[in-house]
Amino acid sequence: VGRGRRRAEQFFDRIEQQLQHQPWLAGADYSFADISLLVTTDFAGWVDIVPMQTRPALQRWYARVASRPAALA
């Protein structure tokens, strides 16, 4: 459990770094990578990981993605 949690935190740290330099995970355009990250970020809560707690770029990205019509459906 500990190793998996550390790896997940490292994953979200890397995502934070990516999103500090570009609007979407894979670059300038919204893509399947963003959809996958939305699912991954939501699932993290099920295993008591709060990825956005200390990652402001991820927080901003999540707010944009979660407000898209497809995410609200």
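Scroll up to find the structure this text is about.
Reading the values: the criteria
- The written sequence of each chain sets the order in which its residues are numbered from 1.
- Only residues with pLDDT of at least 70 get local features here, since the model is predicted, and only at 80 or more are side-chain atom pairs given and counted; chain-wide, interface and lining totals rely on the full set of residues.
- Processing note: side-chain calculations cover all non-hydrogen atoms of the structure and skip hydrogens and water entirely.
- Runs of H or I in DSSP of at least four residues are treated as helices and runs of E of at least two as strands, each being numbered from the N terminus.
- Values of the radius of gyration come from C-alpha atoms, whereas the globule rule sets the reference at 2.2 Å times the count of residues to the power 0.38.
- The rule is simple: take the accessible area with a 1.4 Å probe, protein chains only, and divide by the maximum for that residue type; under 20% is buried, over 50% is exposed, in between is partly exposed.
- Regarding the arc, it is the one traced by the directions from the helix axis to the C-beta atoms.
- Contact definition: two residues touch when any of their heavy atoms are within 4.5 Å.
- Counting rule for charge: Lys and Arg are taken as positive, Asp and Glu as negative, and neither His nor the chain ends is counted.
- By convention in these notes, a salt bridge is any Lys or Arg side-chain nitrogen within 4 Å of a carboxyl oxygen on Asp or Glu.
- Pairing of aromatic side chains requires ring centres within 6.5 Å, counting the rings of Phe and Tyr and the six-membered ring of Trp. Pairs whose planes differ by under 30 degrees are stacked, by over 60 edge-to-face, and all others tilted.
- In this scheme, the term charge over a ring applies when either NZ of a lysine or CZ of an arginine sits within 6 Å of the ring centre and within 35 degrees of the ring normal.

A. Local environment of the overall build of the chain. Along its length, the chain carries four helices and zero strands. Helices and strands in the chain line up, N terminus first, as α-α-α-α. Computed over its C-alpha atoms, the radius of gyration of the chain comes to 12 Å, within 12% of the 11 Å expected for a compact globule of 73 residues. In terms of overall dimensions, the chain has a C-alpha envelope of 35 × 30 × 20 Å along the principal axes.

B. Layout of helix α3 (residues 56-66). Within the span of α3, buried status applies to Ala-57, Leu-58, Trp-61, Tyr-62 and Val-65. For α3, the angular spread of the buried residues around the axis is 130 degrees, confining them to a single face. If you follow the buried residues of α3, they end up packed against α1 (2-19), α2 (32-46) and α4 (69-72).

C. View of the side chain of Glu-16. Inspection of the secondary structure puts Glu-16 in helix α1. No salt bridge forms around the buried Glu-16; measuring N to O, its nearest opposite-charge neighbour Arg-60 is 5.5 Å away. Look past the residues within four positions of Glu-16 in its chain and what remains in contact with it is Arg-55, Pro-56, Ala-57 and Leu-58.

D. Seen up close, the packing of aromatic side chains. Within this structure, the stated rule accounts for three aromatic pairs. Where Trp-24 meets Tyr-30, the ring centres are 5.2 Å apart and the plane angle is 80 degrees; that geometry is what we call edge-to-face. Among the residues examined, Trp-24 registers a relative accessible area of 12% and is labelled buried. Its guanidinium or amino end placed over the ring of Trp-24, Arg-64 lies 4.6 Å from that ring's centre, counting from NZ or CZ.

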